[in-house]
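# A structural walkthrough
Each chain, written out:
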Amino acid sequence: MSPHIEPVDFIDVRACIADLGLEQPEGIAILPSNLESAKSDSELIYAASAESVVKVLRGKALQVKALSAHPLTTRKDQDHTLILPMLFFGAAYLSQDQNTITVALSIIANYATQMMQGVTGGKVRMSVAIEKTKSKTVKRFDYEGPPSGLSDIAKQLERFYGQE
Amino acid sequence: MDKNDIKEWLSRFNERIDSAFFFSYPVRDKELQSEEIDSLGRFLNELESQRIAHHKAKNADLANLFLGMCCFAQSMLDLLQMWLDLRSDAANEAWDSLIGAQDSARAAIRAHQICANNMMDYVEYLENLEKILFPPQTFVSSSFLVKKSDCSICNAPFHGCDHIAGFPYNGVFCTEVVRDVSEIEHVAIVECPDDKRCRATAFCRNGIEVDSFTLRRTQIKEGGSGSSFKATLMSSPEQRSDVIET
């Protein structure tokens, strides 16, 4: 059975980015875990796997960028759960190709599956933020479960984006 | 190396692993287990030479295959060592040996698909040993912020290359080498840690410290009160099996 996740209201991502004086994302954005509370770019903290996820997505020719300049400040936890960075899909980017969500999550699912080979009961934790086209509101989807579930929830996310 | 050479290496490898399993019981004679460790250690050196040779020749797939076989052989060595440690009443060392065996087994699976196709039962066996031979542990996980890290493959800043940490490249695992830790945020007790060597090693109550495995008293502090525990927060890179030097 496919996992089911419900959207929750998320912060005004673009306003937070503007307040920090950072460039608005054009493609997929890797968000820090503390976007809402950070007072400056230097305070932004990313998931430990953020740099690797950027490499994995770029390796498959997806347009992806973290909000901050590299090197990113990352939080290293020694938990078994693979904590993936939050992805933000802007409305303008999705309007060019709605399949981007499925493609991106499939790529990340493959990466996570490879990383967790041999790990019994291995789980990933990931959030995805999607900007609606008309309202420009942002909803966040949180997932925790096996890497294969990431590909399953992609369809739910695309359906959500398609509803206005 | 042609296909027949690879077949021969795989055949030899399977024979050596079968032999190691044959000795992997607590009732086997200690001297015989030690001899098996020595013999397997010599075979591991041969595998390592092949890995290095293929690495230098840039035969990436073969280098990764020998990397996988090295990791598997290392896992078996650690497993045999665990039995010896247990019989020497060295419980903490035995635990580290078992965790080393588990780490090396998972590394072998990541190294090459042939290992991934053949090792899942062995991984499950090692996890079952953990539950059968040792009491449940209190694991700890430390969280820290990293500002700068480099790639172990190309030595470039980690964000500046295409190598992905944890993946094998021409017989060597990529690791993110941390260069600048800006802050240690917290230490937490967790159920499923990334490194099971990070655990409470002793508990102390009212000045009496006991080992978490043996329950032997390891220290008595006069006038001590309250409860606390000692823990290993971080294991050394030498204990991690995914750090292999070229």
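Everything below is about the structure printed above this text.
A few words on the sheet that holds strand β7 (residues 217–220) of chain B. Residues and elements named next belong to chain B. Spatially, 4 strands are ordered β7-β6-β5-β8 in an open sheet, and the strand pairing comes out antiparallel. Because the sheet does not close on itself, it has two edges, and the strands there are β7 and β8 (227–231). This sheet shows a mean twist of 20 degrees between the axes of neighbouring strands, independent of strand direction. The pairing of strand β5 (residues 200–205) with strand β6 (residues 208–211) spans 4 bridges and is classified as antiparallel. Paired with A202 across the strands is D211, a residue of β6.

Residues and elements named next belong to chain A. Along the chain, the position of S106 falls in helix α4 (residues 100–115). Residue classification places S106 among the partly exposed positions, given a relative accessible area of 24%. A C-alpha to C-alpha distance of 15 Å links S106 and M86, two positions 20 residues apart in sequence.

Moving on, we come to the packing of helix α1 (residues 3–22) of chain B against helix α2 (residues 30–56) of chain B. Residue and element names in this part refer to chain B. In contact at an axis separation of 11 Å, α1 and α2 are set at 155 degrees when each is read in the N-to-C sense. Classified by the interaxial angle, the pair formed by α1 and α2 is roughly antiparallel. The hand of the α1/α2 crossing is left-handed. Contacts between α1 and α2 involve W9, R12, F13, R16, S19 and A20 from the first element and E36, S39, L40, F43, E46, L47 and Q50 from the second. Tallied by class, the residues present in the contact of α1 with α2 amount to 6 nonpolar, 3 polar and 4 charged.

Here is what the cut-offs are and how they apply
Residues numbered from 1 in each chain as written. Chains lettered and ligands numbered in written order. Predicted model: local features only at pLDDT ≥ 70, side-chain atom pairs only at ≥ 80, totals over all residues. Heavy atoms only, no water. Pairing = 2+ DSSP bridges. Helix = DSSP H or I, 4+ residues; strand = E, 2+ residues; numbered from the N terminus. Axes fitted to C-alpha atoms, helices over the stretch in contact; angles between N-to-C directions. Buried < 20%, exposed > 50% of the residue type's maximum accessible area, 1.4 Å probe, protein only. Parallel < 35°, antiparallel > 145°, perpendicular 65-115°, else oblique. Left-handed = near helix turned anticlockwise from the far one by under 90°. Contact = heavy atoms within 4.5 Å. Nonpolar A, V, L, I, M, F, W, Y, C, P; charged D, E, K, R; others polar.

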